[in-house]
Amino acid sequence: MKADTHPDYHMIKVQMTDGTVFETRSTWGSEGDTLTLEIDPTSHPAWTGGTKQLQEGGRVARFNKKFGGLTLKK
């Protein structure tokens, strides 16, 4: 294996949006830096089950409006 091809892992602190802090190994920043998250699993709708933002009037919506009543039944 080639020498010096792997990144330098070091300990950093990660601060969640609710203020909790944990330590992990990372290649981000330098030893002892704090990574402050703007979005994390405690606040993001994908994990919390919040409302979804749907685009109104897109191609699929127009198709369903035009052909939504059609069925294959005779």
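Each value, and the rule that gives it
Residues numbered from 1 in each chain as written. Predicted model: local features only at pLDDT ≥ 70, side-chain atom pairs only at ≥ 80, totals over all residues. Heavy atoms only, no water. Helix = DSSP H or I, 4+ residues; strand = E, 2+ residues; numbered from the N terminus. Polar contact = N/O pair within 3.5 Å; in protein donor to acceptor, adjacent residues only side chain to side chain. Contact = heavy atoms within 4.5 Å. Pairing = 2+ DSSP bridges. Axes fitted to C-alpha atoms, helices over the stretch in contact; angles between N-to-C directions. Buried < 20%, exposed > 50% of the residue type's maximum accessible area, 1.4 Å probe, protein only.

Caption draft 1: Highlighting the side chain of H10. Its location among the elements puts H10 in strand β1 (residues 10-15). Within the structure, the side chain of H10 is placed 3.0 Å from the backbone oxygen of W28, a separation counted as a polar contact. In terms of polar contacts, H10 uses its side chain to reach the backbone carbonyl oxygen of G29, at 3.1 Å. Residues in contact with H10, not counting those within four places in the same chain, are T24, R25, S26, T27, W28, G29, S30 and E31.

Caption draft 2: Molecular detail of the sheet that holds strand β3 (residues 34-36). The mixed open sheet is built from three strands, whose spatial order is β2-β1-β3. The open sheet has two edge strands, β2 (21-26) and β3, and neither has a second partner. Looking at each pair of strands side by side, their axes are set apart by 35° on average, direction ignored. Pairing analysis gives three bridges linking β1 to β3, with the strands arranged parallel. The residue bridging Q15 from the neighbouring strand is T36, located in β3.

Caption draft 3: Representation of the environment of L37 within the structure. Note on placement: L37 falls in the loop between β3 and α1 (45-48). You can call L37 partly exposed: its relative accessible area is 25%. A C-alpha to C-alpha distance of 9.7 Å links L37 and D18, two positions 19 residues apart in sequence. Those residues in contact with L37 that sit more than four places away from it in its chain are V14, Q15, M16 and T17.

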